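Topology and contacts: notes
Single-letter residue listing:
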Amino acid sequence: MSSKQAEIEANANSWQRNLAKRFALEKWAERGLALLGSIPILITLSLTILLLLETVLFFQDVSLWRFLTDTQWTPLFAANPQYGILVLASATLMVSVIAAVTAIPIGVLAAVYLAEYATPDLRRFLKPALEALSGIPTVVFGYFALIFFTPFLRNFFPELSAFNSLSAGIIVGILITPTISSLSEEALRNVPTTLRDGAYALGFTKSEMALKILIPAAFPGIIASITLAISQALGETMIVAIAAGQHPNLTLNPLVPVETMTAFIIQISLGTVTFGSTAFKTIFTVGTVLFIITLVLNSFGNWLIRRTQKDITGILTPKAESLESKTPARSAAEEIAFTKTLGERTKNPQDKMADQPDRLWRDEAFRILALIAAFMGILMLLILFFDLARRGLPQIDWQFLTSFSSRKANESGILAPLMGTIWLLVLTAIFVIPIGVGAAIYLEEYYSDHWLSRLIEINIANLAAVPSIIYGLLGLELFVRYLKPLTGGGTILAAGLTLTVIVLPTVIIASRSALRDIPESIREGGVAVGMTKGQMLLNLVVPAALPGLLTGILLALSRAVGETAALIAVGAVAWVRFIPDLQSQYTALPVQIFYWLQEVDTEVQNNAAAATIVLIILVLLLNVAAVFLREFYRREIKLF
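Computed from a predicted model, the values in this text were never measured in an experiment. (Residues numbered from 1 in each chain as written. Predicted model: local features only at pLDDT ≥ 70, side-chain atom pairs only at ≥ 80, totals over all residues. Heavy atoms only, no water.)

1. Structural notes on the overall build of the protein
Counting secondary structure elements, the protein contains 27 helices and 0 strands. Classification of the 640 residues of the protein by burial places 50% in the buried group. In the protein, of all internal contacts separated by at least 6 residues, the share reaching a separation of at least 24 is 77%. For the protein, the computed accessible surface area is about 30000 Å², with 66% contributed by carbon and sulfur atoms. (Helix = DSSP H or I, 4+ residues; strand = E, 2+ residues; numbered from the N terminus. Buried < 20%, exposed > 50% of the residue type's maximum accessible area, 1.4 Å probe, protein only. Contact = heavy atoms within 4.5 Å. Areas by Shrake-Rupley, 256 points an atom, 1.4 Å probe, with all protein chains shown as cover.)

2. Here we look at the packing of aromatic side chains
With the rule as written, the count across this model stands at 15 aromatic pairs. Geometrically, the ring pair formed by Tyr442 and Tyr446 is stacked, given 6.1 Å between the ring centres and 20° between the ring planes. Of the two residues, Tyr442 and Tyr446 are both situated in helix H18 (residues 415-446); the distance of 4 residues between them amounts to about one turn of the helix. The exposure class assigned to Tyr442 is buried, which follows from its relative accessible area of 15%. Take Tyr446: its relative accessible area is 21%, and that puts it in the partly exposed class. (Phe/Tyr/Trp six-rings, centres within 6.5 Å; stacked < 30°, edge-to-face > 60°.)

3. Describing helix H19 (residues 451-465)
The terminal C-alpha atoms of H19, which comprises 15 residues, lie 21 Å apart, in line with the 21 Å expected from a rise of 1.5 Å per residue. Of the residues making up H19, those classed as buried are Ser453, Ile456, Asn459, Ile460, Asn462 and Leu463. (Expected span 1.5 Å × (residues − 1).)

4. Here we look at the nonpolar core
Formed by 180 residues in total, the largest nonpolar core has its most connected members in Trp73, Leu188, Leu567 and Phe594. The element contributing the most residues to this core is helix H4 (residues 85-117), with 18 residues. Non-local contacts of Leu188, meaning those with residues more than four positions away in its chain, are made with Ala111, Val112, Ala115, Arg196, Leu214, Ile215, Ala218 and Ile222. (Core = buried A, V, L, I, M, F, W, Y, C linked by side-chain atoms within 4.5 Å.)

5. Some thoughts on the pattern of salt bridges
Tallied over the entire structure, the rule returns 16 salt bridges. Here Asp61 makes a salt bridge to Lys281, at a shortest N to O gap of 3.1 Å. Taken together, the residues Asp61 in helix H2 (residues 39-61) and Lys281 in helix H13 (residues 278-316) connect sequence positions 220 residues apart. Asp70 is the partner of Arg66 in a salt bridge, and the nearest nitrogen-oxygen pair spans 3.7 Å. A cluster of three or more residues bridged by salt bridges with shared partners is formed by Glu54, Glu477 and Arg481. (Salt bridge = Lys/Arg side-chain N within 4 Å of Asp/Glu carboxyl O.)

6. Here we look at a nonpolar patch on the surface
On the surface, Ile41, Leu42, Leu45 and Ile49 cluster together into a nonpolar patch covering about 350 Å² of accessible area. Tracing the backbone through its elements, the reader meets Leu42 in helix H2. Given a relative accessible area of 47%, Leu42 falls into the partly exposed group. (Patch = residues over 30% accessible without salt bridge, like charges linked within 9 Å, V, L, I, M, F, W, Y side chains within 5 Å.)

7. Topic: the packing of helix H8 (residues 193-201) against helix H9 (residues 206-217)
Running from N to C, H8 and H9 cross one another at 140°; their axes reach a closest spacing of 10 Å. As the angle between them shows, H8 and H9 are arranged oblique. In this structure, H8 meets H9 at a crossing whose hand is right-handed. In this structure, H8 uses Leu195, Arg196, Ala199 and Tyr200 to contact H9, whose residues at the interface are Lys206, Met209, Ile213, Leu214 and Ala217. Class assignment for the residues of the contact of H8 with H9 results in 7 nonpolar, no polar and 2 charged. (Axes fitted to C-alpha atoms, helices over the stretch in contact; angles between N-to-C directions. Parallel < 35°, antiparallel > 145°, perpendicular 65-115°, else oblique. Left-handed = near helix turned anticlockwise from the far one by under 90°. Nonpolar A, V, L, I, M, F, W, Y, C, P; charged D, E, K, R; others polar.)

8. Observations concerning the layout of surface pockets
Over the atoms, a rolled probe matching the size of one water molecule traces out where space is still vacant. Estimated volume of the second largest pocket: approximately 460 Å³. In this structure, the second largest pocket is lined by 21 residues; those nearest its centre are Ser269, Phe275, Leu476, Ala569 and Gly571. Breaking the lining of the second largest pocket down by element, the ones donating at least two residues are helix H12 (261-270), H13, helix H20 (468-482) and helix H25 (565-569). Class assignment of the residues belonging to the lining of the second largest pocket gives a composition of 13 nonpolar, 6 polar and 2 charged. (1 Å grid on protein atoms, 1.4 Å probe; cavity = no way out; pocket = protein on both sides within 12 Å on 5 of 7 lines; lining within 4 Å. Points joined across faces, edges and corners; volume = space filled by probe spheres on them.)

9. Quick word on unusual backbone geometry
A positive phi angle is found at Asn80, which is not glycine, with a value near 50°. Inspection of the secondary structure assignment puts Asn80 in the loop between helix H3 (64-69) and H4.

10. Details of the packing of H2 against H20
Two packed helices can be described by the angle between their axes and the distance between those axes. H20 packs onto H2 with a crossing angle of 85° between their chain directions and a minimal axis gap of 10 Å. By the angle between their axes, H2 is roughly perpendicular relative to H20. The segment H2 lies against H20, with Ile43, Ser46, Leu47, Leu50, Leu51 and Glu54 engaging Ile470, Tyr471, Leu473, Leu474, Glu477, Leu478, Arg481 and Tyr482.

11. Structural notes on the environment of Ile305
Mapped onto the fold, Ile305 is located in helix H13. Its relative accessible area of 23% is what places Ile305 among the partly exposed residues. Between the C-alpha atoms of Ile305 and Ile222, which are 83 residues apart in sequence, the distance is 8.7 Å.

12. With respect to the side chain of Ser511
Here Ser511 shows up in helix H22 (residues 492-516). Only 2.7 Å separates the side chain of Ser511 from the backbone oxygen of Val507, close enough to count as a polar contact. (Polar contact = N/O pair within 3.5 Å; in protein donor to acceptor, adjacent residues only side chain to side chain.)

13. Here's the deal with the environment of Leu93
The residue Leu93 is located in helix H4 in this model. Note on Leu93: relative accessible area 52%, which makes it exposed. Once the C-alpha coordinates of Leu93 and Leu234 are considered, the two residues, 141 residues apart in sequence, prove to be 7.3 Å apart.

14. Topic: helix H23 (residues 520-528)
Those residues of H23 not exposed but buried are Ile522, Arg523 and Gly526. Down the axis of H23, the buried set is contained in an arc of 95°. They therefore lie on one face. Opposite the packed face of H23, turned more than 90 degrees from it, sit the exposed residues Val527 and Ala528. Downstream of H23 by a residue or two, Gly530 has a phi angle that is positive, lying close to 90°. (Arc of directions from axis to C-beta.)

15. Quick notes on the side chain of Glu445
With respect to the element layout, Glu445 can be found in helix H18. At 2.7 Å, the side chain of Glu445 forms a polar contact with the side chain of Arg523.

16. What to know about the environment of Ser513
Mapped onto the secondary structure, Ser513 falls in helix H22. For Ser513, a relative accessible area of 36% translates into the label partly exposed. Between the C-alpha atom of Ser513 and that of Ala440, which follows or precedes it by 73 residues, the distance is 8.9 Å.

17. Digging into the confidence of the model for the protein
Averaged over every residue, the pLDDT of the protein is 83; the share at 70 or more is 89%. Considering each helix and strand of the protein separately, the mean pLDDT is smallest for helix H14 (residues 332-345), with a value of 54, and largest for H4, with 93. Predicted confidence for residues 313-328 stays below pLDDT 50, and this span has 3 contacts to residues more than four positions away or in other chains. (pLDDT = per-residue confidence, 0-100.)

Structural data, given as structure tokens:
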């Protein structure tokens, strides 16, 4: 064998060894990604087991009959405690009904305006403004309901209590409006244009077309959006805890204080209930009831959305039997006559309605109502920001930003909660980015499409809609209680892990969407030049999806920054006069705002307004970065 042949053979052997090493490495990487992809399943199992375990223990102390039939709720009383869930359930239902009555007309009308009336430029402005409502921390809405909206409602209802379900319900309705408008607009825009053209050909005005054709055609999708929004209202915690009160009261009067299921969990979390006591088990039992209700609503809403997509697809792609003519074929003369009358029918209907001013008036009134609904989000944001600026801006100075909290309101600052928020933001990012993106890559790129993958997808969608206070209970049991040797108990580390679990479904869903939007030609190009799957993902797909991945991560982190209820459940405290570290007591901006709002002193509440401004600035910075990356992402996609 010549030296040249030996060199060629050595190179060939070396290439084969390198390829074998790469395949082995990629196999291990795939196993690692599979492990990350199983985490949502583990979260669901952990959540279900922990809730059911404590619930079973609760019913060993309290009978199911008492739980369902007692008409009072006093589990903290030492003598003769009452456990009537009906008291909390009725309050939760009343707040949710008020929220639905507020949000459904506004959300649907806004969706109609965005889908049918708004120009593309106006839609690009209005839709993010409306959706910005859902990005604002709920503790801010609680502040708004208590400090501004309840005094405003007293002009119409003088007997209104300081804490009441009417104010809380309306503000919760404002919070869930973007969910209805965004999903309903999508359902409306998916209705085939041919149905609109058919309505106009019959002489309908735009409002008549919307009411008689468009909304009925998109009805399942609209119902799905309402279902998901009501589920969100049922699980809302901070608005009802701040504005509706914490007084268990079996009543249908919306003007008096009540206590919802979520507010009760917060009330117990604020106290010093002993682990393992009946009162401790009670919050898990209430959480189980809330979890089951929201799970059923979320599953039904997601099923309706998928059903609507199939129905719309069926409309767009007629089935074979629908192509069979059920009426006799027209003769040539009849076809010519039909064509002539069709031309007459498709003329601008307003030309033919000059003698029908009432129809034109109703059409214009409907357009104005839809316009007002679409601008409702901006109006509420302006009122909120104006009130915050009036109360909070005079309080903000260098001393406020660099001082610890104090019993003297004029000397109090937000250094500890601000540092706590930054700690939580960093920790959540460190945990959620590799887990969320890794799970998304595995589920989207490696996992085959069958019934189990669809089940996992539904599971992740349901996890994204689980109320955060339920995750707080999971964090309390798992990270604070069972993993105390690792986390130190109620520390920033436990809180960061809890926030990671809360925002993980959002990161996975957004990352899968970003990966799914990458054209298949990119993947095929990588395979064509001899790349392995790992090389193709690492060098082509993930870089191309990077703006979309970062957008989802930033939106998830903005939610983590504003989270309050779960942090209270896992041990965030009211007063901290030191800069927290990884395993110390801590507080965060939303938690500090919540505790300040419990004070009746106006100066303290003005401090809450100032802290709210700082919190909103942090959230808006993350959201603006996300919007900027999303627009960049869209431009990049157009280049493909």
